[in-house]
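# Architecture and fold: a report
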Amino acid sequence: MKITIIGTGYVGLVTGTCFAEGGHEVTCVDSDVNKIKVLQQGGMPIYEPGLPELVKKNVAAGRLFFTSNTQEGVERSDFIFIAVSTPPQPDGSLDLSFVEKVSRDIASAMTSYKIILDKSTVPVRTGEKVAETIGRFSKGKVDFDVVSNPEFLREGSAIEDFMKPDRVVVGVSSPRPVEALKALYAPFDAPVIVTSIESAELIKHAANSFLALKISYINAVSVLCEATGANVQEVAHGMGMDPRIGRKFLDASLGFGGSCFPKDLSAFIATSEMLGYEFGLLKEVQKINLGQMDRFVKKITDTLWVVRDKTIGVLGLAFKQDTDDVRNSPAIDLCKRLQRAGARLRVHDPQAMEKAGAILKDVDYVADMNEVAEGCDALVIATEWPEFKKLDLDRARRCLSHPIIFDGRNLFDPVEMERLGFLYKGIGR
Ligand code: UDX
């Protein structure tokens with residue numbers, strides 16, 4: 001089948017590449033000429049495990065193309081995906097101007113029946129607007145269907161999430177495109193759930209907000225654990241054994257971040273408000289998340305007493321493991337707070353140092369994680385990279401002026417760390 005993806009960011013590029021891997025012929029379009037040039041020359045604009053190999057393979061097989069020409073992309077395919085960004089506005093609602101522009105561009109380029117699928121995360125009722133806009137700008141001369149097809153890709157495991165999804169959601173306004181949509185996703189072994197467009201749009205925001213809620217819930221429980229001597233990991237394990245709850249997304253931390261959860265929560269709250277419902281529960285989720293970072297910073301400042309002119313080593317800058325993404329990263333937020341308190345920082349991240357360099361200035365970027373502790377007064381773990389578990393702890397203890405570790409991701413066992421001679425402070429344990 002012939003597919004065009006408009007918008008070649010994280011979502012667009014992974015989606016296009018995986019469809020090509022599934023045997024379809026895919027054209028990825030982006031208005032950023034430089035990005036397209038990089039991709040055409042075999043380069044990669046983002047870090048995502050497994051993606052460079054898959055892009056290379058499918059380009060070589062003649063199933064994956066890159067262009068900055070929307071017209072060409074639309075003419076070539078029967079399925080047109082909208083995968084452009086929907087940046088947040090100051091009030092939390094989403095700026096849909098790229099979605100609107102692409103809808104107009106598709107409308108002017110269409111010369112035959114198209115199925116237009118929205119992959120961008122949008123508020124409920126956007127599909128209706130997209131259909132209205134395409135109808136208006138194509139002047140009724142060509143037939144089309146608009147479908148809401150939200151993505152559930154986690155950065156770092158996006159390829160696996162696409163190739164083996166838990167579910168594929170397609171929101172439609174008529175049965176006409178359903179068989180074609182099932183065929184489109186046939187190479188991927190997953191249940192296809194057919195809903196209304198509005199339900200599909202809501203599923204995306206409701207699912208991500210629920211996951212954020214789960215994290216805030218366990219983070220709130222972690223506060224009680226600290227107050228009582230309980231261990232949040234034991235509590236999460238005991239709770240998670242109940243299949244109605246499940247153990248996933250119950251890892252207490254210094255807070256969630258990334259390009260999705262904070263933005264999706266704010267957008268869902270803003271949409272609810274527009275629809276006349278105050279979603280107080282989700283406002284509390286945001287509040288707990290901010291409080292978690294406040295408490296972690298306080299733990300550091302209380303222990304060090306005076307932070308000014310102390311040197312702190314920070315392991316992790318990405319918003320989570322297996323990505324170079326630093327957007328809304330709790331680790332970066334933490335670094336900035338420590339800098340504001342007067343600390344000097346030595347930092348390391350296995351992948352995100354280049355991207356962090358653009359937003360985090362006046363710090364020492366250290367290439368080897370085992371050298372970070374040199375000359376430091378304390379070490380902080382801010383991202384859950386599994387390699388940090390292999391830190392040379394003997395060396396760290398010898399390097400630190402006093403062996404203190406603040407672990408915002410609970411990577412180490414507190415009993416073992418104490419035995420090794422560290423003052424070790426995790427979350428909720
Ligand atoms: C998320 C959703 O998981 C995905 O389905 C959606 O489509 C996009 O948003 P992503 O933002 O890539 O994916 O990361 P995710 O793995 O969900 O983690 C989000 C944040 O929560 C990270 O900062 C992570 O460190 C934090 N987190 C996650 C916790 O603090 N505790 C947990 O138990 C899980």
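A brief report on the enclosed structure follows. (Residues numbered from 1 in each chain as written. Predicted model: local features only at pLDDT ≥ 70, side-chain atom pairs only at ≥ 80, totals over all residues. Heavy atoms only, no water.)

## What to know about the site of the ligand
Note the threshold: Proximity criterion: a residue is near a molecule or strand once any of its heavy atoms comes within 4 Å of it. Two N or O atoms count as a polar contact when they lie within 3.5 Å, although within protein this holds only if one can serve as hydrogen donor and the other as acceptor, and sequence-adjacent residues are included solely when both atoms are side-chain atoms. For the accessible areas, the method is Shrake-Rupley and the probe is 1.4 Å, while residue cover comes only from the protein chains on display. By definition, any uninterrupted DSSP run of H or I lasting at least four residues is a helix, any uninterrupted run of E lasting at least two residues is a strand, and each is numbered from the N terminus. Amino acids outside the nonpolar list (Ala, Val, Leu, Ile, Met, Phe, Trp, Tyr, Cys, Pro) and the charged list (Asp, Glu, Lys, Arg) are all regarded as polar, and Gly is one of them. Either an automatic procedure or a domain database provided the assignment from which the domain bounds are taken.
Near the ligand there are 20 residues, and of these Glu155, Ser253, Phe319, Glu384 and Arg409 occur at the shortest range. Between the ligand and aspartate 251 there is a distance of 2.9 Å, counted from an oxygen atom to a backbone nitrogen or oxygen. A distance of 3.0 Å separates an oxygen atom of the ligand from a polar side-chain atom of lysine 320. Starting from 670 Å² of accessible surface for the ligand in isolation, the protein chains cover 94%. With 3 residues, helix H9 (residues 197–228) is the largest single contributor of residues to the shell around the ligand. In terms of residue class, the shell around the ligand is built from 9 nonpolar, 3 polar and 8 charged. Mapped onto the domain boundaries, the shell around the ligand takes at least three residues apiece from domain 1 (2–190) and domain 2 (210–425).

## Description of the sheet that holds strand E13 (residues 404–407)
Our working definition: Strand pairing is defined by DSSP finding a minimum of two bridges between the two strands. By definition in these notes, contact holds between two residues if any of their heavy atoms fall within 4.5 Å. Axes here mean lines fitted to C-alpha atoms, for a helix over just the part in contact, with angles spanning 0 to 180 degrees between N-to-C directions.
Spatial strand order, E11-E10-E9-E12-E13-E14: 6 strands in an open sheet with parallel pairing. Where the open sheet ends on each side, the last strands, each with one partner, are strand E11 (364–365) and strand E14 (423–425). One ladder, built from 5 bridges, connects strand E9 (residues 311–315) with strand E10 (residues 344–348); its direction is parallel. In the sheet register, valine 314 faces E10, and the bridge partner there is valine 347. Against the sheet, helix H12 (residues 280–304) engages E9, strand E12 (378–381), E13 and E14, with an angle of about 170° to E13. Those strands touched by helix H13 (residues 330–340) are E9, E10 and E12, and its axis lies near 160° from that of E10.

## Some points on the nonpolar core
Stated formally: To form a nonpolar core, buried Ala, Val, Leu, Ile, Met, Phe, Trp, Tyr and Cys residues must be joined to one another through side-chain atoms within 4.5 Å. Throughout, exposure labels follow a simple rule: accessible area from a 1.4 Å probe, protein chains only, divided by the maximum for the residue type, with under 20% read as buried, over 50% as exposed, and the rest as partly exposed.
Of all hydrophobic cores here, the largest spans 59 residues; its most connected members are Ile300, Ile312, Leu334, Leu345, Leu379 and Phe422. Of all hydrophobic cores here, the second largest spans 37 residues; its members include Ile3, Ile5, Ala20 and Val178.

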